[in-house]
Amino acid sequence: METGLKMMNCKFRQGLKVASWAGISWVLVACDDQAKNAGSDSDDSQSEKIKDVLVARPLRDRGVTGESEILFKALTPENSGIKLTIQDDPGHPLAYMIGSGMEVGGVAVGDVDGDGLPDLFIASSPGNNRLFRQVSPLKFEDVTPGSGLEHDKVWSRGASMVDIDGDGDLDLYVANYAEKNHLYLNEGKQADGSIRYLEKAREFGLDLDDACLMPAFCDYDQDGDLDVYVMSNQYHWPDKTKVPSVAQMLGNKDGKPVIKHPYDKFYRIKDYKIGEDGQLQVRHDRTGRPNYLMRNDGGRFKDVTLEAGMKYGHGRGLSPTWWDYNDDGHLDLYIANDWGDRDFLYHNNGDGTFRDAIEDAVPYTSMFTMGSDTGDLNNDCLLYTSDAADDLLCV
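Presented here is an overview of the structure given in this document. (Residues numbered from 1 in each chain as written. Predicted model: local features only at pLDDT ≥ 70, side-chain atom pairs only at ≥ 80, totals over all residues. Heavy atoms only, no water.)

## Details of the overall build of the protein chain
Broken down by element type, the protein chain carries 5 helices and 26 strands. Counting all 395 residues of the protein chain, 48% fall into the buried class. For the protein chain, long-range pairs separated by at least 24 residues make up 53% of all intrachain contacts whose partners lie at least 6 apart in sequence. (Helix = DSSP H or I, 4+ residues; strand = E, 2+ residues; numbered from the N terminus. Buried < 20%, exposed > 50% of the residue type's maximum accessible area, 1.4 Å probe, protein only. Contact = heavy atoms within 4.5 Å.)

Pasting the structure below:
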């Protein structure tokens, strides 16, 4: 049986779902005035609303028997209009990122001009960010010049489209590497039909400066506005021909070995011991950067990571996924980490705090996780139920 998903009116239309895959973002967002009054609803009514967000219904019968017909067809850049060639700049201060796998960061999808057709923002290396407007079904044009996005010369990674200021159109939040993140407010369609953006990250408190990778928006505290979890990955050592030795990096704090600044941005001590010869033996590894839970307090975002019971951590994250795994009406958060760093499942306690519940909720976890997503994998219509643990996919 095939099923489809029907959007229903409820508070969570303001920020229904954000899922990411190794820095690539798909964002499904709409706006609803009911969000303004959601704070007065009881926990039971909130839970009922969430259950009504996605409703399964049969897709139309394609009338296919025997061998399946071809469902997808590749479109060439000439056919689609999505023409993007990454031009690396060897003279750029972050040129050491070339070959890191981060030349193209991610894709955000949303209807930025209100014409009913989804448009595309592609985050990329310096000078290569692009906004493609869909002018007719599956036909796009590059509208970056003149949009306010063309001057972005930083190294961008993940991006999300959300209506962050509540004015009815989709804004754009871009996570950058080793530069402040950017928040572009959609100024709406201009008289000439173009779309204009203004950069306002500092005014909203979202100008985080780290090895940021992926933002995931959600109203986790159910106060009617969108909060955001910003995942970071790792800093890359700039000169691969001159990697620092342990002796160079090692310091001492309270009688224990530590990695000194500035090396502590790149490396951490895994363990240490005194050998039989009386010498200190240290095992070190590259380290991930902190993740940030940013709560929206009336249009100004505040870092509440520790206050909410989360950890900044040192995982090299690739994917944050909001997901109500236990059907209690509160969206929880799955953190997918790469390399040897374990994943986390932050259970939303419903009071603005979280606890790590991964050992209670899942039978085993993946390592070197590339991404995570949620969905009704077995067509049992149980996306928001206690059986939803079967519907989490980690790769």
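## Considering the sheet that holds strand E22 (residues 332-338)
With antiparallel pairing, 4 strands are arranged side by side in an open sheet as E21-E22-E23-E24. Both outer strands of the open sheet, strand E21 (316-323) and strand E24 (354-356), are each paired with one neighbouring strand and no more. Within this sheet the neighbouring strands show an average axis-to-axis angle of 20°, counted without direction. With 3 bridges connecting them, E22 and strand E23 (residues 344-348) associate as antiparallel partners. Along E23, the bridge assignment pairs Ile335 with Phe344. (Pairing = 2+ DSSP bridges. Axes fitted to C-alpha atoms, helices over the stretch in contact; angles between N-to-C directions.)

## Regarding the pairing of strand E9 (residues 155-162)
Burial within E9 is extensive, with 8 of its 8 residues counted as buried. Where E9 meets strand E10 (residues 171-180), 6 bridges bridge the pair, whose relative direction is antiparallel. Looking at E10, one finds that Met161 is bridged to Leu172.

## Looking at the environment of Tyr220
Relative to the assigned elements, Tyr220 resides in the loop between strand E13 (209-218) and strand E14 (227-232). Residue Tyr220 is classed as buried on the basis of its relative accessible area of 3%.

## A word on the pairing of strand E18 (residues 280-286)
Here strand E17 (residues 267-274) runs beside E18; their pairing, made up of 7 bridges, is antiparallel. Following the sheet pairing, Ile274 is matched in E18 by Leu280. In textbook terms, the turn of a hairpin is the stretch between consecutive antiparallel strands, and for E17 and E18 this stretch comprises 5 residues, one of which, Gly278, has a positive phi near 85°.

## Some words on the nonpolar core
In terms of nonpolar packing, the biggest core is built from 32 residues, with Leu293, Trp322 and Phe354 touching the most fellow members. Residue assignment for this core shows that the elements contributing at least two residues are E13, E14, E21, E22 and E23. What Leu293 contacts, discounting residues up to four positions off in sequence, is Tyr220, Val228, Tyr229, Lys302, Asp303, Val304, Thr305, Ala308, Met310, Trp322 and Phe354. (Core = buried A, V, L, I, M, F, W, Y, C linked by side-chain atoms within 4.5 Å.)

## Thoughts on the side chain of Asn348
With respect to the helices and strands, Asn348 occurs in strand E23. By relative accessible area, Asn348 is classed as buried at 1%. Here the side chain of Asn348 touches Leu331 through a polar contact of 3.0 Å, landing on its backbone oxygen. Once you skip the residues sitting within four places of it in the chain, Asn348 turns out to touch Tyr220, Asp328, His330, Leu331, Asp332, Thr353 and Phe354. (Polar contact = N/O pair within 3.5 Å; in protein donor to acceptor, adjacent residues only side chain to side chain.)

## So, the packing of aromatic side chains
Taken as a whole and assessed by the stated rule, the structure comprises 13 aromatic pairs. On the basis of an interplanar angle of 5° and a centroid distance of 6.2 Å, the ring pair of Tyr220 and Trp322 is categorised as stacked. Residue Tyr220 is located in the loop between E13 and E14, and its partner Trp322 is located in strand E21; the two are separated by 102 residues in the primary sequence. Residue class for Trp322 comes out buried when judged on its relative accessible area of 4%. Ring geometry for Trp237 versus Phe266: centroids 4.9 Å apart, planes at 80°, classification edge-to-face. (Phe/Tyr/Trp six-rings, centres within 6.5 Å; stacked < 30°, edge-to-face > 60°.)

## Re unusual backbone geometry
A cis amide bond links His261 to the next residue, Pro262, at an omega of 10°. Residue Ala178 is not a glycine yet carries a positive backbone phi of 55°. Along the polypeptide, Ala178 turns up in strand E10. Residue Ala178 is classed as partly exposed on the basis of its relative accessible area of 26%. Phi is positive for Trp339, which is not a glycine, with a value near 60°. Mapped onto the elements of the fold, Trp339 is located in the loop between E22 and E23. Judged by relative accessible area, Trp339 falls into the partly exposed class, the value being 34%.

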